[in-house]
Amino acid sequence: MRVWFGVLGPVVAWDADGRAIALKGPRHRAVLARLIVARRRVVPVSRLVEDLWTEPPPGAVGAVRTFVAALRRALEPRRPPRAPARLLVTEGPGYALRADPDAVDAWRFEQDVAAAATLPPDGASARLEQALGRWRGPAYADFTDEGWARGERSRLAELRLHAVERQAEARLALGRAAEAVPDLEAHLAEHPWREGAWRTLALALYRTGRQGDALAVLRRARTLLVEQLGVDPGPELRRLETDILGQAPHLAPATAPGGAGGAAAARVWAEAAAAYDRTVATGARARLESTAGLLRNLSMTGGDGLRTARQQRVAAVAAAEELGDPELTARVIGTYDVPAIWTRLDDPEQAAHIVAAAERTLATLAPAPGRPGHDAFGRETPHDKHPGHEAFGPRGSGHGRSHREPPSHETPSHEATGHEASEHEATGHEPPSHRAPAHEAPDHEATGPRGSGYGRSYHELPSHEATGHEATRRETTGHEPPSHRAPGHEAAGRETPAREGTGHWGPGREPSDQEAPGREAPKHGAPAHDAVAREGTRHDAVRARLLATVAVESRGSRGWRGAQAAREAEGIARRLDDPALLAFALNGVFMQSFDRAGLAPRRDAIGAELIALSARHGLVAFEVLGHLIRLQARSALADFASADRHAAAADRLGEHHERPLVGVFTQWYRALRLAATGGRAAEVEAAYRDAAAQLDGAGMPGLEHGLLPLALLCLRVEQGRPAPTDEDLDWGPYAPWARPLVLLAQGRHAEAATALRAVPDPPRDLLLEALWCLTGRAAIAVGDRETMARAHTALAPAAAELAGAGSGLLTLGPVSRHLTDLTNALH
């Protein structure tokens, strides 16, 4: 298990999952800090005693050994009894901490600063931003009075000051002078004797059009130096003052990337930002809304931009709530409609804060006046409709069409069994996840008239029957458990009216983007003739954004609320005929489309509508999202020709619109494609490692953590090889599903069987089928019939898919092969 150490602030340690490790008392932390200061060198016990106590008590040596023993238990909790320590080791007369070179935040900070010195301004700026982001407070903050820490604290503090100033210089070189001003002002408020920082601040102000402020800064620096230190400013400060007074040409902003156009854009940004800063009052509410929009754009720059946006988003929402204006809070929350493709949260704690704030705001918002048939949250209340009525529009209008009726012309790929056979006999339709994609041409036109799909609900596709304890509960009570209820039912158990219509794509079918739902949206409903109607529409749009936020930020959970919120947001957006709102709502629908295995066709349809809708209305970010969703779905259906087209389209959009994170996903897809199409093991492994390298610094820990080991495990299982057994592998959140196979590879069958019994059902996300297949393989190996049966039942709806390929990242081959192996083992 890897351990991370933090000394840029209070001394802490974290485990591989980012959880703080309990280090007991202050002397335990002092021992750890002292060993970190030694940088992997041995510190004799006698020296530790001297450093820990001014007057060592009797038994001090024994106390130090007790502290070390306790630290070892905390840092290596899985170390077998009597096995030698690997991290905090005994060597010669003392102890050493053999932490990895990147395991201590101070060491990584130094590496970042050193690397930045060798990079061009754009790379240096990003690397220094990352370096400075590691600081949580003064270095070794618990030990400010300890002599053994004083030198290291001073050295790190000086290096930090240097990094702040180099970052400001890099920003100036990039034509981003306005960004440098606030950090430099804060820097100089604490460290007023740094002449280089005064010069950089004055130059930054001058380049943002604030010549007077630049001269005032130089005069302030002169006053401080003369009056406080009795020295005159150095030659560089004096020369800069002369140049500013003469408006010297060499002081003009540097040429930004992109040549003259880039420089002009940089100048416009700097001048507009400076004007905004001067004009809009510091406490104005407009600043919060502007900040929310800026954070939205920042999040799509990747890396540090994404991390910063997530952190500041929580702060912006909290600031809005403090103002006590629920509509302002709703706008601040809803503005951050950042497309999300990965189904595991990067920061669950932050997401929980956002969801809680959205729910509080929904509860606080006044109900829309004059809106009969809606409750205080904008949800439709039951109407006296018969099933032939559309939910959101008149019959024949093309709105509110149902996905309940799949076309009957498709050929089943295998015999239906059980409840599926009954459904086939009764309706003439095959359950969607069991149609063979191989029988359908990938790009022919969608069934139904042009534009007929607008207004469909993706929550109304046919649902599967519950199994196990859920089926039993339904047979005895007549109700579905909330989180497993068929998508066509409301949370309270009421069935929504079936919506009649045509144009549903069969699962496995490659719908044309031109014929996707969302084309030629017909207008409907009477215009708003009075303030009451306009107020109701405005409130509905605000609620829909909050509901879509809840759906997106609740992804991967087993509760019913996320799916309910997605359904409500989608319904409101379709009724309001608001393309941007619908795109955001469909992102929530996508994130809640994992209630069972085998739903790649449903997600393919969502992606197709997003592409058509976004291309028509200029919603670039959601157009990229649509292509990535279809890349995933077509991969699951083994249609790599179509997946290639969507990968290429996403790359083109990402490059043209400066979306660097797109390439992370398309590179992983190409590694997956190589694995799925018979690439050599060494070649595939190298492709996976190259793809994983792109995740370093991408700002997506929810995607990065444990992914490479999982991909390599799937590659080995697919090729019939044992799992990797390297002790240093960090399986991240996938450890429970990997552990039985790792134990089997080590020949520890009894332990593997025990570990398998503790494996939970996989989360409802893009790796659902892959994790069930790993569970099934382990169950076959240890002869666990109960787990084999559970895996078979869970995987059966995905029989026509490639296991795991719906993630766009990895695969375990055809689900049908795993089902066959499970069936044979059970019989």
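Above this text is the structure in question.
Residues numbered from 1 in each chain as written. Predicted model: local features only at pLDDT ≥ 70, side-chain atom pairs only at ≥ 80, totals over all residues. Heavy atoms only, no water.

Caption draft 1: Summary view of the overall build of the protein. When its secondary structure is counted, the protein shows 32 helices and five strands. The buried share among the 827 residues of the protein stands at 52%. Taking as baseline every contact in the protein between residues at least 6 positions apart, the subset at least 24 positions apart corresponds to 68%. Accessible area for the protein stands at about 35700 Å²; split by element, carbon and sulfur atoms hold 53% of it. (Helix = DSSP H or I, 4+ residues; strand = E, 2+ residues; numbered from the N terminus. Buried < 20%, exposed > 50% of the residue type's maximum accessible area, 1.4 Å probe, protein only. Contact = heavy atoms within 4.5 Å. Areas by Shrake-Rupley, 256 points an atom, 1.4 Å probe, with all protein chains shown as cover.)

Caption draft 2: Expanded view of the side chain of N587. Here N587 shows up in helix 20 (residues 579-591). Contact partners of N587, with chain neighbours within four places excluded, come to V338, P339, A340, V552, F622 and L625.

Caption draft 3: Here's a closer look at a nonpolar patch on the surface. There is a patch of nonpolar side chains on the surface, built from W193, L229 and V231 and spanning about 280 Å² of accessible area. Tracing the sequence through the fold places W193 in the loop between helix 7 (177-190) and helix 8 (195-207). (Patch = residues over 30% accessible without salt bridge, like charges linked within 9 Å, V, L, I, M, F, W, Y side chains within 5 Å. Salt bridge = Lys/Arg side-chain N within 4 Å of Asp/Glu carboxyl O.)

Caption draft 4: Fine view of the pairing of strand 4 (residues 88-91). Here strand 4 runs beside strand 5 (residues 94-97); their pairing, made up of four bridges, is antiparallel. Each bridged residue has a counterpart across the sheet, and for T90 the counterpart in strand 5 is Y95. Two successive antiparallel strands, strand 4 and strand 5, enclose a turn made up of two residues, where G92 displays a positive phi of approximately 60°. (Pairing = 2+ DSSP bridges.)

Caption draft 5: Region of interest: helix 13 (residues 303-322). Across its 20 residues, helix 13 extends 30 Å between first and last C-alpha, which sits within 8% of the 28 Å expected from 1.5 Å per residue. All of the buried residues in helix 13 are G303, D304, G305, L306, A309, R310, R313, A316, V317 and A320. At the C-terminal side of helix 13, G324 shows a positive phi close to 75°. (Expected span 1.5 Å × (residues − 1).)

Caption draft 6: Region of the structure containing the nonpolar core. Membership of the largest hydrophobic core comes to 129 residues, with the highest contact counts inside it found for W668, Y688, M700 and L810. Non-local contacts of M700, meaning those with residues more than four positions away in its chain, are made with L306, D346, L661, V664, F665 and L695. Counting 53 residues, the second largest nonpolar core, distinct from the first, contains L32, L71, L87 and W107. (Core = buried A, V, L, I, M, F, W, Y, C linked by side-chain atoms within 4.5 Å.)

Caption draft 7: Structural detail: the pattern of salt bridges. Within the structure shown, the criterion is met by 49 salt bridges. Between D112 and R134 there is a salt bridge, and its shortest N-O distance comes to 3.0 Å. Here R134 lies in the loop between helix 5 (121-132) and helix 6 (147-173) and D112 lies in helix 4 (residues 105-116), a separation of 22 residues in the sequence. Comparing D112 with R134 shows no difference in burial state: the two are buried. One salt bridge connects D644 with R673, and the closest N-O pair in it is separated by 2.9 Å. Residue D644 is found in helix 23 (residues 640-656), and its partner R673 is found in helix 24 (residues 662-676); the two are separated by 29 residues along the sequence. Because the salt bridges share partners, they merge into one network encompassing R39, E110, E152 and R155.

Caption draft 8: Representation of the environment of D765 within the structure. In this fold, D765 is placed in the loop between helix 29 (749-757) and helix 30 (768-782). Note: C-alpha distance between D765 and G806 (41 residues apart in sequence) is 9.8 Å. Once residues lying within four places of it in the same chain are set aside, the contact partners of D765 are T343, R344 and F594. Within polar-contact distance, the side chain of D765 engages the backbone nitrogen of L767 at 3.0 Å. (Polar contact = N/O pair within 3.5 Å; in protein donor to acceptor, adjacent residues only side chain to side chain.)

Caption draft 9: Quick peek at the sheet that holds strand 5. Pairing is antiparallel in the open sheet, where three strands are placed in the order 3-5-4. Edge positions in the open sheet fall to strand 3 (43-44) and strand 4, since each of these has one partner strand only. Two elements, strand 3 and strand 5, share two bridges in a ladder whose sense is antiparallel. Paired with P44 across the strands is G94, a residue of strand 5. Seen against the sheet, helix 3 (residues 60-75) touches strand 4 and strand 5 and runs at an angle of roughly 140° to strand 4. (Axes fitted to C-alpha atoms, helices over the stretch in contact; angles between N-to-C directions.)

Caption draft 10: Region of interest: helix 2 (residues 45-52). The set of residues buried in helix 2 consists of V45, L48, V49, D51 and L52. For helix 2, the angular spread of the buried residues around the axis is 170°, confining them to a single face. Residues of helix 2 that are buried in the fold lie against helix 1 (26-37), strand 3, helix 3, strand 5 and helix 6. (Arc of directions from axis to C-beta.)

Caption draft 11: Summary view of the packing of helix 12 (residues 285-299) against helix 14 (residues 326-335). Where helix 12 contacts helix 14, the two axes come as close as 8 Å, and the packing angle between them is 15°. Classed by the angle they form, the pair helix 12 and helix 14 counts as roughly parallel. When the axes of helix 12 and helix 14 are compared, the crossing they make is right-handed. Contacts between helix 12 and helix 14 pair R285, L288, E289, A292, G293 and R296 from the former with L328, R331, V332 and T335 from the latter. The class makeup of the residues in the contact of helix 12 with helix 14 is four nonpolar, two polar and four charged. (Parallel < 35°, antiparallel > 145°, perpendicular 65-115°, else oblique. Left-handed = near helix turned anticlockwise from the far one by under 90°. Nonpolar A, V, L, I, M, F, W, Y, C, P; charged D, E, K, R; others polar.)

Caption draft 12: Structural context of the packing of helix 12 against helix 13. At a minimum axis distance of 8 Å, the contact between helix 12 and helix 13 shows a crossing angle of 160°. By the angle between their directions, the pair helix 12 and helix 13 is classed as roughly antiparallel. Crossing geometry of helix 12 relative to helix 13 is assigned as left-handed. Contacts between helix 12 and helix 13 involve L288, L295, L298 and S299 on the former and, on the latter, G305, L306, T308, A309, Q312, R313, A316, A319 and A320.

Caption draft 13: Layout of the packing of aromatic side chains. Using the criterion set out here, one finds five aromatic pairs in the structure. Here F109 and W135 contribute two aromatic rings whose centre-to-centre distance is 5.4 Å and whose plane-to-plane angle is 85°, an arrangement assigned as edge-to-face. Remark: W135 occurs in the loop between helix 5 and helix 6 and F109 occurs in helix 4; sequence separation between them is 26 residues. For the residue pair F109 and W135, the accessibility class agrees, reading buried in each case. Taken together, a centroid distance of 5.4 Å and an interplanar angle of 45° make the contact between F143 and W148 tilted. Like F143, the residue W148 is buried in the burial classification. (Phe/Tyr/Trp six-rings, centres within 6.5 Å; stacked < 30°, edge-to-face > 60°.)

Caption draft 14: Spotlight on the state of the cysteines. In the structure shown here, the tally under the stated rule is zero disulfides. In this structure C773 is not part of a disulfide, and its nearest cysteine sulfur, from C714, lies 8.7 Å away. (Disulfide = S-S within 2.5 Å.)

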